[in-house]
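The primary structure of each chain is shown beneath.
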Amino acid sequence: MILLQDGSATRLQACSGYRNTLHCVLSIYRKETVAGFFKGMSFPLASITVYNSVVFGFFSNSQRLISKYRYGDGRHPCSMLDLTVASMLTGLVSVGLGAPVDLVKIRLQMQTQPVLAENLHLAGNTSNGTNIRLRSVDLPGQGNYRGPIHCISSILQTEGIQGLYRGAGAMILRDVPGYTLYFIPYAIFCDLLNPDGKSSPHPCSIWLAGGLAGSISWVTATPADVVKSRMQADAQLQRKYRGILHCIIHSYKTEGLQVFFRGASVNAIRGFPMSATMFLSYELSLKFFRSL
C-alpha cells in the first residue's frame, strides 16, 4: 500500500496531467498495470535500512552531544531548543544520503510517463497561426534505464556527480524544517501520552505519537516535496527549470497555488504507518541496547 502511494504521489507532484489522486492511480494501472506502482522502488527498499539507521542514529547522538556540551551530561533531557537544533542537523545529513536515492527512484518512475506537450514547450501558436493543443506525446528517448545501477551510471556519465544531487537544494528546504516538524511533534505527543514522565512511554503511545508526527511532517513538507520532485524529474528529457525559484514561479503561474499541495493527502496517509513503525523500532532498539 505504501509503495502504491509513493508511486502515485511522485507522479502527481512531478506531472500536470492528472486531475486527482484517484485519476493518477487508475491511469498508472491502465497503462502500466500493477508493476507501474513498484517502478524505481528496488533502490529505496534496498537502502532504507541504512538510511533510517543513519538518520535516527545521528539524531540520537546529536542530542547526546548537545546535552553533554550544554549540561555536562550526555543523558540530560534535551530542551525544545536542543531538539530543534538536533532535528535541523539531522535534516541536513539526510539530504546527503537521500538525494541520490530519491533522484534514481523518480527517474525510474517517470521514464515511462507520457510526456505532456506543455512540458516540452510545444503548446502555443506556430508561425502559421495554428494553435497546438496540449496533448501527450511519446519520445523515443524515454524508458532508457534498465534498472537503478544503470540509472546511476547513466547520470554520472551525462551529468557528473552533481547530477545525482539534482534537486538537493529543494530537498534541504523540505528536510530541514520537515525533520524539525517530525521529531518535535513526536516529543510533544509522547509527553502528552505519558504525563507522569516517570517511565518510558507505552509502545502503543510511541506508535501513535510517531504516526501523528509523520503525518504532520509529510503534509507540511508537501510544497517543498513538489518542487524537489519536479527538479529531479526535469533533467530526464529537456531541462525546463533553471533553478528552485524558477520552478516555484513557473509552477505557480501555470498551475496555480494548489499545485504545491498535490499529493498532500497521500503523504498524510502514508506518513502515519511508516513513521509509527520507524519510531517504535527506534525506541525499542534504543531501550534494548541501553539495557546491555
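These remarks concern the structure in this document. (Residues numbered from 1 in each chain as written. Predicted model: local features only at pLDDT ≥ 70, side-chain atom pairs only at ≥ 80, totals over all residues. Heavy atoms only, no water.)

**Thoughts on the overall build of the protein chain**
Helix and strand counts for the protein chain come out as nine helices and four strands. Excluding contacts between residues fewer than 6 apart, the proportion of contacts in the protein chain whose partners are at least 24 apart in sequence is 73%. Carbon and sulfur atoms make up 64% of the accessible area of the protein chain, which amounts to about 15,000 Å² in all. (Helix = DSSP H or I, 4+ residues; strand = E, 2+ residues; numbered from the N terminus. Contact = heavy atoms within 4.5 Å. Areas by Shrake-Rupley, 256 points an atom, 1.4 Å probe, with all protein chains shown as cover.)

**Focus: the nonpolar core**
Within soluble globular proteins, side chains that are nonpolar generally end up buried alongside one another. If you look at the biggest cluster of nonpolar residues, it comprises 20 residues, and the most contacted ones within it are Phe56, Phe59, Tyr179, Tyr182, Phe183, Tyr186 and Phe279. Elements represented by at least two residues in this core include exactly α3 (42-71), α4 (80-110), α6 (168-193), α7 (203-234) and α9 (264-290). The leading source of residues in this core is α6, at seven residues. Of all hydrophobic cores here, the second largest spans eight residues; its members include Leu103, Val104, Ile155 and Leu164. (Core = buried A, V, L, I, M, F, W, Y, C linked by side-chain atoms within 4.5 Å. Buried < 20%, exposed > 50% of the residue type's maximum accessible area, 1.4 Å probe, protein only.)

**A few points about the packing of aromatic side chains**
Enumeration over the complete set of coordinates arrives at twelve aromatic pairs. Aromatic pair phenylalanine 183 and phenylalanine 279: ring centres 5.8 Å apart, planes at 85°, arrangement edge-to-face. Remark: phenylalanine 279 occurs in helix α9 and phenylalanine 183 occurs in helix α6; sequence separation between them is 96 residues. Comparing phenylalanine 183 with phenylalanine 279, the two get one shared label, buried. With centroids separated by 5.3 Å and ring planes inclined at 70°, the aromatic side chains of phenylalanine 288 and phenylalanine 289 adopt a geometry described as edge-to-face. The class for phenylalanine 288 is partly exposed, based on a relative accessible area of 49%. Accessibility expressed as a relative area gives 57% for phenylalanine 289, which makes it exposed. (Phe/Tyr/Trp six-rings, centres within 6.5 Å; stacked < 30°, edge-to-face > 60°.)

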